[in-house]
Each structure stands twice: as structure tokens, then as C-alpha cells.
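Here is what each chain is made of, one letter per residue.
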Amino acid sequence: GIQVEQSPPDLILQEGANSTLRCNFSDSVNNLQWFHQNPWGQLINLFYIPSGTKQNGRLSATTVATERYSLLYISSSQTTDSGVYFCAGPTGNQFYFGTGTSLTVIP
Amino acid sequence: EPEVTQTPSHQVTQMGQEVILRCVPISNHLYFYWYRQILGQKVEFLVSFYNNEISEKSEIFDDQFSVERPDGSNFTLKIRSTKLEDSAMYFCASSAAAWVGELFFGEGSRLTVL
């Protein structure tokens, strides 16, 4: 199966700071999604972004499919942004998840 | 907004017992999945299901696991004889299309095997 690498593995931010999370795929994927796993364990859909750029409030994402990577931007971070961010993409009939970036936003 | 629902939210069981986790996918979706996440680790694929049969499964999905769509709405994961290492969060997901469809997850069922 494909390898999905995320960086950085851990990130601590002061509230209000900006950050960029990266997701690299070892092979082509047909689509790509970003998820936020909140402290209660729920997986929240952030973006469905096979290519291009999308924005949703303080979050935006860019996928460059030809270069097999995607970026998630978090601006003006808030404590509620804390949690683990996963990217995932399908090959065949399964979705592969990255190892995640654990984000802690401190007040 | 349509959502994937899972029950129970938390189940505690004794080793060797059978467990059934239930999921109601989004109604017009055709592809269904089970994933698991051991505490502190990444989300791992177990099985995908389409047209009333398994379309793909991982090496984790051995003979003690089975899936079923007993009626038009439910999608279940059965663990026949639970082991300590089956303790994890189990997520159900569904999508309208396999390779290019957006994946929607339920809130998860936390299984604790004692």
C-alpha cells in the first residue's frame, strides 16, 4: 500500500499563531481529505480536496496532486483547534491515513 | 446534515466474548467501511463493503471479524472472540463513490476488552 507521511508529528502553538501542516503521499491518490480528531476522538471532516485550494474560515488547504502532497493552513489558531490532524487518501477500495500531526494550542 | 451513526458509543466486554458494533451509514451512500484506531495510533483500515460483499480487507481483518448488512440501513462489524488487543476505537464510514467520493465517519465505538 501507499505510504502517507505527515509533518510535523507534533506542534505547539501560542493562541493566535499560524501554522502549516504537510501531507506527502508515496503514490498517486484519487482524492485527499483532511480530518481533525478532537479530544473526544471524533473524526471531523475538514476538507475534501483532490486538487487545488479550498478555504473554510481560518482553515485552508492546498493539494498539488502531481507532486503528491497537500498542505493544511491554520491561521489565528485557537485552543479549540487542538487535537490530531490526519490526511487520508484512497488507493483501491481503502483509504490510507497518515500518522497525524498532534497540535496543541496554548492560551 | 446527513451523518453516519454508530452504536454503542462505548462497550466493555470480557476477553473471548462476541461483540457486535452497529452503524447506520448515510442513506444514499453505496460504500461502507470499518476502521479502527488503537489509542494513540493512527487510523487503520479494516474492511470495505459494496454491493453486499466485501470489496477489500486488510491483514487485520482475520477470521474473527465479519461484516454484514442485515437490512437496508444497518452495517455491522462482529468480533467473534475478543482479545485484549482488540481494544480500540472502531469507526464506521461511508461514501457515495469508492475512489473519488468523500468519506464520512461516525463518532466511533470505543471497545474495551478486559
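Located above this text is the structure these notes cover.
So, how was this worked out
- Numbering of residues starts from 1 in every chain and runs along the sequence as written.
- Labels follow written order: the first chain is A, the first ligand is 1, and so on.
- Local features in this predicted model are restricted to residues whose pLDDT is 70 or higher, and side-chain atom pairs enter the listing and the counts only when it is 80 or higher, whereas totals over whole chains, interfaces and linings include all residues.
- Excluding hydrogens and water, the side-chain figures rest on all heavy atoms present in the structure.
- In this text, helices come from DSSP runs of H or I with a minimum length of four residues, and strands from runs of E with a minimum of two, each type numbered from the N-terminal end.
- For every residue, the accessible area obtained with a 1.4 Å probe (protein chains only) is divided by the maximum for its type, and the residue is called buried under 20%, exposed over 50%, and partly exposed between those limits.
- Should any heavy atoms of two residues lie within 4.5 Å, those residues are considered in contact.
- Per-residue and other accessible areas follow the Shrake-Rupley method at a 1.4 Å probe size, with only the shown protein chains counted as cover for residues.
- Under the convention used here, Asp and Glu are negative, Lys and Arg are positive, and both His and the chain ends fall outside the count.
- Where a charge lies is defined by one atom per residue type: Lys uses NZ, Arg uses CZ, Asp uses CG and Glu uses CD.
- At least two DSSP bridges between two strands are needed for those strands to be called paired.
- Lines fitted to C-alpha atoms define the axes, with helix axes restricted to the stretch in contact, and inter-axis angles between N-to-C directions lie between 0 and 180 degrees.
- When a carboxyl oxygen of Asp or Glu is within 4 Å of a side-chain nitrogen of Lys or Arg, the pair counts as a salt bridge.
- Aromatic contacts are taken between Phe, Tyr and Trp rings whose centres are within 6.5 Å, Trp giving its six-membered ring; a plane angle under 30 degrees counts as stacked, one over 60 as edge-to-face, and the others as tilted.
- The term buried area denotes the loss of accessible surface (1.4 Å probe radius) that occurs when two parts are joined, taken as the sum for both partners.
- Here a polar contact is taken to be a pair of N or O atoms separated by no more than 3.5 Å, where protein atoms must pair a possible hydrogen donor with a possible acceptor and residues adjacent in sequence count only if both atoms sit in side chains.
- Polar here means any residue outside two lists: the nonpolar Ala, Val, Leu, Ile, Met, Phe, Trp, Tyr, Cys and Pro, and the charged Asp, Glu, Lys and Arg; Gly therefore counts as polar.
- The term nonpolar core refers to a set of buried residues drawn from Ala, Val, Leu, Ile, Met, Phe, Trp, Tyr and Cys, joined through side-chain atoms within 4.5 Å.

Peer 1: Can you lay out the overall build of chain B for me, pointing to particular residues and giving the numbers?
Peer 2: Looking only at helices and strands, chain B features zero helices and eleven strands. Along chain B, helices and strands appear, N-terminal first, in the series β-β-β-β-β-β-β-β-β-β-β. Expressed as a percentage of its 114 residues, the buried residues of chain B come to 45%. Taking the contacts inside chain B whose residues are at least 6 apart along the sequence as the reference set, 52% of them involve residues at least 24 apart. If you sum the accessible surface of chain B, you get close to 5,800 Å²; carbon and sulfur atoms cover 48% of it. In chain B, which carries 9 positive and 15 negative side-chain charges, the distance between the mean positions of the two groups comes to 5 Å.

Peer 1: Pulling in residues and values, what's your account of the sheet that holds strand S3 (residues 19-25) of chain A?
Peer 2: Residue and element names in this part refer to chain A. Read from one edge to the other, the open sheet built from five strands follows the order S1-S3-S8-S7-S6, with strand pairing classed as antiparallel. Here the strands that pair on one side only, and so sit at the sheet edges, are strand S1 (4-7) and strand S6 (52-56). Here the average twist between neighbouring strands, direction ignored, is 15°. Note: strand S7 (residues 59-64) against strand S8 (residues 69-74), six bridges, orientation antiparallel. Note on S8: the bridge partner recorded for Ser60 is Tyr73.

Peer 1: Break down the pattern of salt bridges for me, citing the residues and quoting the values.
Peer 2: Residue and element names in this part refer to chain A. Counted under the stated rule, the structure contains two salt bridges over all chains. We note a salt bridge from Arg58 to Asp81, for which the minimum N-O separation is 2.8 Å. On the criterion of sequence distance, the pair formed by Arg58 in the loop between S6 and S7 and Asp81 in the loop between S8 and strand S9 (83-91) is long-range, its members being 23 residues apart. With a relative accessible area of 27%, Arg58 lands in the partly exposed category.

Peer 1: Which residues make up the packing of aromatic side chains, and what values go with them?
Peer 2: The final tally for this structure, using the stated rule, is 15 aromatic pairs over all chains. Between Phe86(A) and Phe97(A), the aromatic rings sit 6.1 Å apart at their centres with planes inclined by 75°, giving edge-to-face as the arrangement. Of this pair, Phe86(A) sits in strand S9 while Phe97(A) sits in strand S10 (residues 94-97), and the two are eleven residues apart along the sequence. A relative accessible area of 2% means that Phe86(A) is categorised as buried. Phe97(A) sits in the buried class, given a relative accessible area of 2%. Between Phe97(A) and Phe105(B), the aromatic rings sit 5.7 Å apart at their centres with planes inclined by 75°, giving edge-to-face as the arrangement. Pair noted here: Phe97(A) is in strand S10 and Phe105(B) is in strand S10 (residues 104-105), and the two residues belong to different chains. Within the aromatic cluster, the residues linked to one another by ring pairs are Phe35(A), Phe86(A), Phe95(A), Phe97(A), Tyr33(B), Tyr35(B), Phe45(B), Phe91(B) and Phe105(B).

Peer 1: I'd love a proper account of the interface of chain A and chain B, names of residues and values included.
Peer 2: At the junction of the two partners, chain A supplies 20 residues and chain B supplies 21 residues. Carbon and sulfur atoms supply 51% of the area that chain A and chain B bury against each other, a total of about 1,900 Å² over both sides. Applying the counting criterion to the chain A and chain B interface returns zero salt bridges. Summed over the shared surface of chain A and chain B, the number is seven residue pairs in polar contact (both at pLDDT 80 or more). Among the secondary structure elements, those contributing two or more residues to the side of chain A that touches chain B are strand S4 (33-37), strand S5 (43-48), S9 and S10 of chain A. Broken down by class, the residue content of the side of chain A that touches chain B amounts to eight nonpolar, twelve polar and no charged.

Peer 1: Describe the nonpolar core, listing the residues and the values that go with them.
Peer 2: Core analysis: the largest hydrophobic core is formed by 22 residues, its most contacted members being Trp34(B), Leu46(B), Phe61(B), Val67(B), Phe75(B), Leu77(B) and Tyr90(B). Among the elements of the structure, strand S3 (19-24), strand S4 (31-37), strand S5 (44-50), strand S7 (65-68), strand S8 (75-79), strand S9 (88-95) and strand S11 (109-113) of chain B are those that each provide at least two residues to this core. Ranked by size, the runner-up nonpolar core spans 21 residues in total, among them Leu21(A), Leu32(A), Phe47(A) and Val105(A).

Peer 1: Explain the side chain of Ser82(A) to me, and be specific about the residues and the numbers.
Peer 2: Residues and elements named next belong to chain A. With respect to the element layout, Ser82 can be found in the loop between S8 and S9. Looking at Ser82, the relative accessible area reads 15%, which means it is buried. Among the polar contacts made by the side chain of Ser82, one reaches the main-chain carbonyl oxygen of Thr79 at a distance of 3.0 Å. Polar contacts involving the side chain of Ser82 include one to the main-chain amide nitrogen of Val105, which spans 2.9 Å.

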